[in-house]
Every structure is written in structure tokens, then in C-alpha cells.
Amino acid sequence: MNAMKTATRAASATVAVINPNSSALVTLAIERAVNACGASAQTRFDCVTMVDGPSGVVTQSDADLAATLTARWIADHEQEASAFVIACFSDPGIAASRERTRKPVIGLGEAGMLAALATGHRVGVIAIARAAIARHLRYWRLLELDHRVAGERAIDVTVEQSGDPAVAFQRMREVGAALRDDDRADVLLLGCAGMADLCAPLQEALGIPVVDPCAAAAHLALLRLRMASAAS
């Protein structure tokens, strides 16, 4: 009977993946990245866009608005998913969201950094814009991981441009090379969900590991669900 109950839960497991900005284009990039991580008949990813959110989470004001909308969405839809992924590198609303549900709430920034730390010793972060770097650094200090961050450099494009190879890739390559050569990073972490499609070509171009936080968060969400199923 317990095995049957577990199978029933697994068959209906949904991971809600929330893009806190209003860009449907970014949501599509997130959807491609997470579905490549093991979506199946047992577990599916349901990607949603915060249409009332900022166009991109760059400034602190953007992050504050995204945090409110994300935490409210998770509270309103708590019964509709088995786990939640906040698909923004700033993890807006993660603490408030975890207060509102006992289900796993995974943040891209935290999951991506943990995956990078499991891959290398000195993490170089490729940020979307210089305006985001100070906020990221505060977050790394909050997580007590700032001593492992070799540096953070920005490509200074819009969030929607971050996955466009014609606009973003050369800048990502230049910034990644500087993080590798000048800051001595031995692993790179993409600092925006919209960059997911460029992870593999960037790794090939630079010759060091590159971590996509979308994939890291998706794998962690699936792991948390497997652990909960095994415990039950």
C-alpha cells in the first residue's frame, strides 16, 4: 500500500518554476533548461511568468517587487505543486516563500552557487548588469559563501538579450575569460536565468566548467522530491 501511495504521488509530482520577471522569452529559455534535466511522466516542470513583474530583475527595486509577487504566488498556489523553483538568480522572495510552505522552495542563485562550489574552488560570476553585482555580493555574504567568490563581472545587456548569441555571447566570452585569467576563477556561474542556452558553448569556448543555475535548481528540486518520496 505504501509503495502504491508513493507511486501515486510520484505520478502527479509537479515542480512549479516561477520566472519573477515579465519576459515570456526568458521563461522559454528556463523551460528548455529545466526540461532537459529529467522531466518525465512521473515529474513535470510547470513554468510560469509573473506578467506583473519587472521586465528584468536588475536593481534592488526590481528584486523587491519580484520578491513580493513571487512569495504571494507561491502562497496562492501552494496546493498545486510538490516543489517550487524561483527562477531568478537573485532568489527574490525565497525567505518569505519558505515561511508560507513546507514544500521545497529552491532558488536559482543558491542552487547555482552550491553546484559551482561542488565543481571548483573559486567561482566567477557572470552578471547581467553592473547594477546587480552589489546585491549579489550581499547575498553571498548572507549565505557565508562570499570567500569562495573569485569575482563578479557584468556583460551589461538586458535580461531579454542575455540569451541571444548575437548580442550576449561575445561579451560573456570576454567577461568569462577575465574571470578565469585575472580573477583566477576555476568555475564560472551564469548570473541570469536567460543565459541558459549559452552555457554549453561558453564552456567549450573557455575550457573551464560553466554552471547554469536553471539546471542546478531543477536537479536540486528533483533530488528533494526523491528524498521526500524515499522518506515516506
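Residues numbered from 1 in each chain as written. Predicted model: local features only at pLDDT ≥ 70, side-chain atom pairs only at ≥ 80, totals over all residues. Heavy atoms only, no water.

Colleague: Now, about the pattern of salt bridges: what can you tell me, with residues and values included?
Modeller: Summed over the entire model, instances satisfying the criterion amount to six salt bridges. Residues Asp 197 and Arg 32 are paired through a salt bridge, measuring 2.5 Å at the closest nitrogen-oxygen approach. Residue Asp 197 is located in the loop between strand S7 (187-191) and helix H8 (199-206), and its partner Arg 32 is located in helix H2 (residues 24-35); the two are separated by 165 residues in the primary sequence. Residue class for Arg 32 comes out partly exposed when judged on its relative accessible area of 47%. (Salt bridge = Lys/Arg side-chain N within 4 Å of Asp/Glu carboxyl O. Helix = DSSP H or I, 4+ residues; strand = E, 2+ residues; numbered from the N terminus. Buried < 20%, exposed > 50% of the residue type's maximum accessible area, 1.4 Å probe, protein only.)

Colleague: If you had to explain the side chain of Ser 90 to someone new, which residues and values would you point to?
Modeller: Summarising the element assignment, Ser 90 is placed in the loop between strand S3 (83-86) and helix H4 (94-100). For Ser 90, the contacting residues outside a window of four places in its chain are Val 57, Arg 135 and His 136. (Contact = heavy atoms within 4.5 Å.)

Colleague: So, the sheet that holds S3: which residues are in play, and what are the values?
Modeller: The parallel open sheet is built from four strands, whose spatial order is S2-S1-S3-S4. Of all strands in the sheet, those bounded by a partner on one side alone are strand S2 (43-49) and strand S4 (105-107). Each strand of the sheet is rotated relative to its neighbour by a mean of 20°, with strand direction disregarded. Both strand S1 (residues 13-19) and S2 contribute to a ladder of seven bridges, which runs parallel. The residue of S2 that forms the bridge with Val 15 is Phe 45. Set on the sheet, helix H5 (residues 108-117) makes contact with S3 and S4; between it and S4 the angle comes to about 65°. (Pairing = 2+ DSSP bridges. Axes fitted to C-alpha atoms, helices over the stretch in contact; angles between N-to-C directions.)

Colleague: So what about the pairing of strand S5 (residues 123-127)? Which residues, and what values?
Modeller: Of all five residues in S5, five are buried, a share of seventy percent or more. Residues Val 123, Val 125 and Ala 127 point to one face of S5 and Gly 124 and Ile 126 to the other, with burial holding for every one of them. Where S5 lies against strand S6 (residues 149-154), five bridges are found, and the strand directions are parallel. Directly across from Gly 124, in S6, lies its bridge partner Gly 151. Taken together, the five bridges between S5 and S7 define a ladder with parallel strand orientation. Across the sheet, Gly 124 pairs through a bridge with Leu 188, a residue of S7.

Colleague: Now, about the packing of helix H7 (residues 165-181) against H8: what can you tell me, with residues and values included?
Modeller: Interaxial distance between H7 and H8 falls to 10 Å at its minimum, and their mutual angle equals 50°. By the criterion of interaxial angle, the relationship of H7 to H8 is oblique. Here the hand of the crossing between H7 and H8 comes out right-handed. Residues Phe 169, Met 172, Arg 173, Gly 176, Ala 177 and Arg 180 of H7 touch H8, and the partners they reach there are Pro 201, Leu 202, Ala 205 and Leu 206. The residue makeup of the contact of H7 with H8, split by class, is seven nonpolar, one polar and two charged. (Parallel < 35°, antiparallel > 145°, perpendicular 65-115°, else oblique. Left-handed = near helix turned anticlockwise from the far one by under 90°. Nonpolar A, V, L, I, M, F, W, Y, C, P; charged D, E, K, R; others polar.)

Colleague: Go over the packing of H5 against helix H9 (residues 213-231) with me, naming the residues and quoting the values.
Modeller: It is at 8 Å that the axes of H5 and H9 come closest, and there the two elements cross at 95°. For the element pair H5 / H9, the angle class is roughly perpendicular. Counting all contacts with H5, which are made through Leu 108, Ala 111, Gly 112 and Ala 115, the residues of H9 involved are Pro 213, Cys 214, Ala 216, Ala 217 and Leu 220. Of the residues that constitute the contact of H5 with H9, the class distribution is eight nonpolar, one polar and no charged.

Colleague: With reference to specific residues and values, describe the nonpolar core.
Modeller: Ranked by internal contacts, the top residues of the largest apolar core, which has 77 residues, are Met 113, Ile 126, Ile 128, Ile 155 and Met 172. Broken down by element, the residue count for this core peaks at eight residues, all from H9. (Core = buried A, V, L, I, M, F, W, Y, C linked by side-chain atoms within 4.5 Å.)

Colleague: Any details on the packing of aromatic side chains? Residues and values, ideally.
Modeller: Here the structure, examined in full by the defined rule, presents two aromatic pairs. When the centroid spacing of 5.6 Å and the interplanar angle of 75° are considered together, the rings of Phe 89 and Trp 140 count as edge-to-face. Linking Phe 89 in the loop between S3 and H4 with Trp 140 in helix H6 (residues 130-142), this pair joins segments that are 51 residues apart in sequence. Its relative accessible area of 2% is what places Phe 89 among the buried residues. The exposure class assigned to Trp 140 is buried, which follows from its relative accessible area of 0%. The structure contains a cluster of three or more aromatic residues connected by ring pairs, namely Phe 89, Tyr 139 and Trp 140. (Phe/Tyr/Trp six-rings, centres within 6.5 Å; stacked < 30°, edge-to-face > 60°.)

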